[in-house]
Every structure is written in structure tokens, then in C-alpha cells.
Amino acid sequence: MKLRAARRRKQTIFRRVVVGLISLFFALPLLGMVEFTTRAPGGGRTLDTWATLFDLGAMDQDYPELKAGILASAGLTVLTVAIMLVMLVPTMTWVRLRLPGMRRLVEFICLLPLTIPAIVLVVGLAPVYAWVAYLLGESSLWLAFAYVVLVLPYAYRALDAGLSAIDVKTLAEAARSLGAGWPTVMWRIILPNVRTAVLSAAFLSVALVLGEFTIASLFSRDNLQVAINLLSKRDASLAIAAALAALILAFVVLLAMSFVGTGRRSQRPEEN
Amino acid sequence: MAESPTTRASTGRKPVGALLGVVPFFAYTTIFLGIPTLIVVVGAFLDGSGRPTLGNLSALAQPQIVSAFVHSTVLSAVTAVLGAVFGALLAYAVSTAREGGLMRRLVASLCGVLAQFGGVTLAFAFVATVGFQGFLTLWLQKVGIDLAGSTWLFEPTKGLILVYTYFQIPLMLIVFLPAVEGLRPQWREAAESLGGSTWNYWRHVAGPILAPSFIGAILLLFTNAFSAYATAKALISQGSPITPLQIGGTLSSEVILGQENIGKAMALGMVAIVAVIMTLYAVLERRTTRWLGR
Amino acid sequence: MKTRMARRSGVAALAAVTLIGIAACSPPAKTTDSAGTGGVKASTATSAQDLGGMTSLVDAAKKEGTLNVIALPPDWANYGEIIKGFQAKYGLKVNSAQPDASSADEITAAKNLKGQSKAPDVFDLGGTVASANTAMFAPYKVTTFNDIPALLKDANGLGVSDYGGYMSIGYDSGKVPAPKTVADLLKPAYKGKVALNGDPTQAGAAFSGVVMAALSQGGTADDISKGVAFFASLKSAGNFLPVDPTPATVESGQTPVVFDWDYLNVAQGKKLTGKMSWKTVIPTGAVVGGYYVQAINKDAPHPAAARLWEEYLYSDEGQNLWLKGGARPVREKAMVAAGTIDKAAYAALPKAVGTPVFLTKEQNNKANAYLTANWAKAIG
């Protein structure tokens, strides 16, 4: 007992020091942005830029592309996360269970989007998107197809870590031998056990979509980062404030997402 | 017990029914990943008028292109290891917190946001902090430490490493946390009750379990840094010392035209390098999983 | 085993080839063309007369309702006001995409978005890219075509210069002393402060910056080696910043000295009045000029709007708006003679002392070759 308590104390100190130091490292550049956006002409601090940013009526009138960008990015986020989860989670589970030989191939495919810089990928995506525009229209929302591909490397790695941590085969076989169909196995057995991994994959997707600039810009479509970039040509400190606000917004969204599915978890009895 | 489907699959023959399960994935990636990649690869073998040539590939042997590849590889490897080590430390630290507690959520959400924070804004933020006129530089100068002695922030081997690590650490946390959380406390207790020390636990129990995910995450971090473009472009707009910047130059230059296919050849080179690293990773992973007899 | 694998890879290869074939052919194009009273479609009209006069052109453009422009940041030669003026005058909506795009990116965007309604209608290109891509332009002569000097236009109207400027040094007079010559920038007062707008092997503005440095150091338009050497010494003195100067870096003080076109530096100064004193100076005896070229996309999704845009740009109103932004409009001489030029803005242009140098194609190519071989080494 004393050993446990001592170890827990050591862990707490370790945790606080590590998290504290690394959080400080993360905070510094963000502070640099805050410092720039609160500069008053002639020295001193002012909140003018932030006041302008949150004057929603005036912002909508002066910079209408910002609102269009925010709406487009919101739609893109939902669409990308949905397509990614629906496509990747069942596929990865299936490969683990039935087609272990394909694992390397799936892994390579999921790493490929990251090996080619987006600026070159656009050259190859252009003909594909010409067809998408012809068949589905030219809405910014259809960028989600490309975004899912961009997010594959990150989502794969997060899901792979989660699926490795549980014994997928035994769980699935046990459920199947008890008469569960495949949808039940996926939804009620596998998914709850890889909750952290799914959440991580969703986190990365949300963050990627909200931070993506290159592909949306090169296809001349609307998107949050494209709008912020256009804003920066007219008012630099307002754009930096908008970028910082977008980061905070993404943080809040992710924090809210982390509460999804906790209800059931906390009610399950502790494993012995 | 009836022959389980898994033993049949592991003998190498793939039942058609099982293959159907992965058709949606392969169809999707063929359209939105396979075709673009093929177009780029084919483009690497064409010249300006569309005729097949090996000239683009031989152009890759030019000294500045080779040195860019070297710089890129070194930069990516260093930031991958740095990000992996500190990210893993952070992941472990966070996993010791109370499950469902606020700290874990806050850190995970923060890292989720910062993992994709990049481009012009990140470069600006760093210059605004540790550049010549950065607030931290000026503050440290008052205290007596002079950071602004040189343009270190804008060199690929120094400043860029720092800036890339900024988004590599959060990425590592997000990707590695699920693995660390898979460590059961019972294993730690079992190791202790058998008389093992902390070192023994890490060396023989937790280490081998986490190793495949750790190495896989390093691979992800490497490729993430390898193809990162926007941040480097804003920070080092002169001289294109790394490969993605050179590729950008071939595609966007309004001074020297007609180099796009060399850019595609460079992209092919990047894919080749990552393929090599992936092979090494596969070998390494096979050896580490053998420890658990999986 | 082997035959199965061989068959599988054969099937895969065949699939790959088919897929590329499918992807390479474009989907059927959607054409929306408005025929003017002259019976000529807007996309082939070579002047307003072809469509039956200006009123018909305006009507046709209004029917199209939108104009797509690319690579026109609002603070570049006063394009922000020009776009607003055009929208207000004709009631058309202007979509301004990719403000950071280079001239080459504009052409790439036109190719990538061909057939889609978001493809750029008009281009504003640097000279090199314009001459290399005339196959993508539609010839059009604006009503004021004859006012434009012959050297600055294509005889058929394929690509016509629209505005130009001289290379300059912009600086924060509160932070650094005024540089009287380019060589002044090597002094320790400028440590870690001097930035060039882009890489000279990629961006036209940066290229001209190196030429200006060469001229100031005794070089000529035929030999820019002294310019490259200057930047090399700037780097070794620790004065040269490789960071990309943007409005944000200028405003935050990260790049107190910037080599850029005079109209861009002047615009920065105007934007920052009250926050900092940003001055622009053209070095004496090192006056490097460059004109940008306006062209219409042959496959413009809004051909009438594109032509109306050009009429607006080359009208007195459009040219004076460029002048207001600090750029020198191409119809300068004609407008001065006719008295239609904005006299106040004209007088406010930065003073250029010395004979302006405009590089010829051969000089361009020679300089490019030199830069490709030596720039990365010099500042690496």
C-alpha cells in the first residue's frame, strides 16, 4: 500500500512537471500572437482588434467572406469526420480479423497521402475534381473527399494504436459465437473499446479540416483559413486575432467532443 | 470447434466474401488517392511537351536537389524523434491522471488543435516570439541573454527544427495516447508483486507492448515533417533548402518556367524515400512483435 | 502461384492505365455564352464593337453577373478599390481568389479549373509568364487601345501591359536610418532587418530587387552578378532575413526593411499611417522598372464580364485608381496629354532619379540562368 501511494505521489509530481513545461512551450508562440494583436499605436496595450473581431454585425458587413469560410469549414468538418469514421473503422477491424495479409497494403495506402506535399497532390486531384464538379456541383463541401484522404495517415495511426491495445479477435469471436451479427459486433463491442482511439482520430480530422489551407486555396474554394488569409491582406492584426480565435474555437469543439460517450463508460463496473 | 475463418485467411488464400468488406475503402482511395498519385508519377516521366523521358529523374542528381533531400530527411528524422520522445513522455504523464478527469481532456484537446496548427500563422507566431523583434527575445535581452545573435530561427537545422517540433509533440500525444491508455494497471501490479522494479516493468512489460505503436508513430511524424510545406515557405522564403520548398518553386516560379515535371519527379523521390523508411519500419516492427509471440 | 501473381499485377497495371485514361479526359464542358447584338459570342469578341458597342457589352456582362479574378490582393496597386469600384459601377459580383498566387499559379489555376464556373476570367501576369502562355489568352482590344505605347502591348491584344512601377526599398523610419544608397544596408544598423519579397528564382518582384542591387553596385542589365554578390554579403553581415515579408510581418516590425515594388511599399505606408512611419525610396541611379500584363482567359466562364473588366481597367477611372495606389498606369503619357490624369496622385509618386531600366527577354534569360546557378549558394 505504501509503495502504491509513494508511486502515485511520484507520478503526480512527474505529471505536473512534464505537463507544465510542455504547456509553457506550447503557450509561448500563442502569447506572441496575443502580444501582436493587443499592441496600441505608441506603446501600451489595447483590446481594439479583439473588439472589432467580436463586433459580429460589422464583421459580417466588412468581411463577408469570413462568415462564408466559417460555414464552409463547419460543414466540411462534419462531413469529413463522418466519412472517415464510416470508412476507416470497419475496414481496419475487418482487415485485422479476416485479412491480416492486407495490413501492410492498407498501412501504405494510409501513409501515402502524407508523402506527397499537398501542392503536388492538387496537380493530380484537379482532373478528379473536374469530374466531381461536373457530377456534384462546385460547393466547397465536396472538398471533404480530399480531406478524408489527407486525414487517413493520422486517423489510421490513432485507430491502429487503439485496435492493437484490445484483443479484437477474441472479442469478435466471442460476440459472434454468442450470436451477434457484424453490425452489433462493430457498434456495441469494438467501438466502445476503442473509444479513445476513435476520439483521437476524430480530433485530428477536426483539427486538420479547420487548419487546411493549401487545397482549398488552389481550388479557389471557400474555407476558414482561406478567408483568414484574405483578411490578412487587408488587416494584419485582425487576421491574427481571427486565427487565434479559430484555434480557441477548435479547442472548445474538441473539448466538447471528448465528453461524447463518457456517460456509458463511467457507469460500467471497474474491471477486476 | 469448427474451422475458424481466421485460420483459413492466415494460410494466404483470401476468401472472396472477406475481400468484399474492404471494397469501399479501396474504391474510395483509388479514386481520390490512387489516380492523383498515378498522375503525378506519370508526369514525372514526361517532358514539357508530354513525351516520355528520363530527363526529370536524371535532373534529380543535381547537387542542390540532393542536398535538399538530405536536409529534408535529417530535419524530418530529428523532429520525429524529438516529437516522439517528448510526446510519449507527455502521453504517459497524462495517462497517469484520473481517467475522465479534466486534465486529460484539456491536454488532449489542446494537442488536437496544435497538431494541425501550421502554415503562415505558425511561422508568424514564432517570429513574433523568438525572432529579432520577438517579445521573448526582447524580454530575454533585458535579462541579459541575447537570442538575436544570428538568424538561427531561419535555418533548417535550427529554427525549423524548433518550429516543426511544436506541432510534432501534440501529434505524437494524440496518436500515442490510445496505446498508453491500453496499459492495464494490473500488469504493473503483477510485475511488482513478482519483485520487479520500475525499470523491469518498462523493459520487459510496457516497452514491448508500446514499441509497435511508438515506432509507427515515429513513422507518421517523419512523413508529417517530410511533406510539410506552408510553414517552411513562410519562414524560409529564400533558397529552398528543403525538398517541399523546391517542389513549390518548380510549380509556382514566375521567373523560371517549365519545371513542373521535375517537381513531380521530386515528389516521386519523396515517395521512394518514405517507401524505404516504411520497409525499415516493417522489419523493425516484426522483430518487436515477436517478443510477444503475437 | 507465380502465374496468379503475374496475372494479378497485369490486371493491376491494366486497371491503372485505364484509370489514368479516364481521369485524363475531362468531363463535358458546360458552356454559357451570351451572344451580343452583333451576333458574335462574347467569348470570341475581339473588341466592344464586335458585340455591338459598350452598352451591349455591359448588358451581356450583367447577364453573366459574376467575375472571377485571381492573384489580386486588395493592397496590391489599389486593387481593393478597383474591385469595389467595378462592383458598384456595374452591379457585378467579383470573386477574388488566391490573393497570394504567383503568375505561374494563375495559369495553373486556369488549367486546373478549366470548364468550372470558378475558373479565373482574367489574368494579371508578370512579363515572363505572359509571353510564355499566349496560347491561353483571348485577343481583345479595349476602346482606349491606341493610347497604349506599342512596346507595351501585343498588336492583337493578346496581352497588354496595364500598370508598372519601379523597384524600391521600403523601411520603417522609426526603427532604421534612411538608406541613402543600397550599399548602406550593409551597415550594422540594419542587422537582421532586411527582407526581399520572395526568392528571385521564383518571384518577379524579388528578381527585380536583385537587378536593382546589381545596378546600384555598378553592374548592368546584362550582368547581375554584383547583385547576387551584394545579397551574399548582406547575408554574411547578418542583415538579411529569409522570412517572407507580409503585411503582418511589416506591421509587427519583424521586417523593418523590404525590397519591393514602389507601389506595394507606398500602399504599406498608407495602411500603417498612425502605427508606424513606413517610407519608400527608389535608389538614385538604380531604377529598375517592370510592367504587369493583363490578359483574358480563352476559356473564361464569364467572357463578357472579363471584357468589361478590361474596359474598366483601361478607362480613365481605372487607370487613375491604379495611380492612386502608387502604380504608373500604362496610358500615363496619353492621359497627361489629355489632362485626364489625377494630378495630385501623379505628383505623389515616389521620385525616380536616373534612367529606368527595363530588361529585355534576352537579358531576362541570362539573368535567370545566372540566378539558378548561383542564388542558392550565395544565400544558403
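Residues numbered from 1 in each chain as written. Chains lettered and ligands numbered in written order. Predicted model: local features only at pLDDT ≥ 70, side-chain atom pairs only at ≥ 80, totals over all residues.

1. Considerations on the overall build of chain A
In step 1: Secondary structure assignment for chain A yields 14 helices and zero strands.
In step 2: In chain A, the succession of α and β elements from N to C terminus is α-α-α-α-α-α-α-α-α-α-α-α-α-α.
In step 3: Taken along the three principal axes of its C-alpha coordinates, chain A extends 70 × 65 × 35 Å.
In step 4: Classification of the 272 residues of chain A by burial places 49% in the buried group. (Helix = DSSP H or I, 4+ residues; strand = E, 2+ residues; numbered from the N terminus. Buried ≥ 20, exposed ≤ 12 C-beta atoms within 10 Å, placed from the backbone.)

2. Describing the overall build of chain B
In step 1: Tallying secondary structure elements over chain B gives 14 helices and zero strands in all.
In step 2: Starting at the N terminus, the α and β elements of chain B follow one another as α-α-α-α-α-α-α-α-α-α-α-α-α-α.
In step 3: Projected onto the principal axes, the alpha-carbon positions of chain B cover approximately 70 × 65 × 30 Å.

3. A few points about the pairing of strand 10 (residues 289-297) of chain C
All names here are of chain C.
In step 1: The buried count for strand 10 comes to nine of nine residues, which makes it a mostly enclosed element.
In step 2: In the sheet, strand 4 (residues 137-138) pairs with strand 10 via two bridges, with the strands oriented antiparallel. Looking at the pairing, Phe137 lines up with Asn297 of strand 10.
In step 3: Strand direction decides the pairing type here: strand 5 (residues 160-172) and strand 10, joined by six bridges, are antiparallel. Across the sheet, residue Val160 finds its bridge partner in strand 10, namely Gln294. (Pairing = 2+ DSSP bridges.)

4. Remarks on the nonpolar core
Note that soluble globular proteins tend to have their nonpolar side chains buried in a common cluster.
In step 1: Counting 290 residues, the largest nonpolar core has A:Ala155, A:Leu159, A:Leu204, B:Ile174 and B:Phe176 as its most contacted members.
In step 2: If you tally residues by element for this core, the top one is helix 7 (residues 144-165) of chain A, at 16 residues. (Core = buried A, V, L, I, M, F, W, Y, C linked by C-beta atoms within 7 Å.)

5. Some remarks on the interface of chain B and chain A
In step 1: Taken residue by residue, the interface counts 85 residues in chain B and 78 residues in chain A.
In step 2: When residues in the side of chain B that touches chain A are grouped by element, the largest group, 12 residues, is from helix 3 (residues 23-43) of chain B.
In step 3: Classifying every residue of the side of chain B that touches chain A by side-chain character gives 55 nonpolar, 25 polar and five charged. (Contact = placed C-beta atoms within 7 Å. Nonpolar A, V, L, I, M, F, W, Y, C, P; charged D, E, K, R; others polar.)

6. Comments concerning the pairing of strand 9 (residues 278-281) of chain C
Residue and element names in this part refer to chain C.
In step 1: Residues Trp278 and Thr280 of strand 9 are buried on one face, while the alternating residues Lys279 and Val281, pointing to the opposite face, are not.
In step 2: Both strand 5 and strand 9 contribute to a ladder of four bridges, which runs antiparallel. Pairing of Gly170 across the sheet is with Thr280, part of strand 9.

7. Side note on the confidence of the model for chain B
All names here are of chain B.
In step 1: Per-residue confidence for chain B averages 84 on the pLDDT scale, and 92% of its residues sit at or above 70.
In step 2: Scored below 50 in pLDDT, residues 1-11 shows 12 contacts in the model against residues more than four places distant or in partner chains.
In step 3: Both confidence scores are given for the complex: pTM 0.87, ipTM 0.86. (pLDDT = per-residue confidence, 0-100.)

8. Overview of unusual backbone geometry
Excluding glycine, a negative phi dihedral is what most residues carry, and trans is how most peptide bonds are arranged.
All names here are of chain C.
In step 1: Phi is positive for Ala71, which is not a glycine, with a value near 60°.
In step 2: Relative to the elements of secondary structure, Ala71 occurs in the loop between strand 1 (66-70) and helix 3 (79-90).
In step 3: Overall, Ala71 belongs to the buried group, with 21 C-beta atoms counted inside 10 Å.
In step 4: If you check the backbone angles, Ala77 has positive phi at about 50° while not being a glycine.
In step 5: When you line up the elements, Ala77 lands in the loop between strand 1 and helix 3.

9. Observations regarding the interface of chain B and chain C
In step 1: Contact with chain B, which involves 32 residues of that partner, is made by 39 residues of chain C.
In step 2: Going through the elements one at a time, helix 3, helix 7 (119-130), helix 12 (230-235) and helix 13 (243-252) of chain B are the ones with two or more residues in the side of chain B that touches chain C.
In step 3: Among the elements that line the side of chain B that touches chain C, the one with the most residues is helix 3 of chain B, at five residues.
In step 4: Grouping the amino acids of the side of chain B that touches chain C by side-chain chemistry returns 18 nonpolar, 13 polar and one charged.

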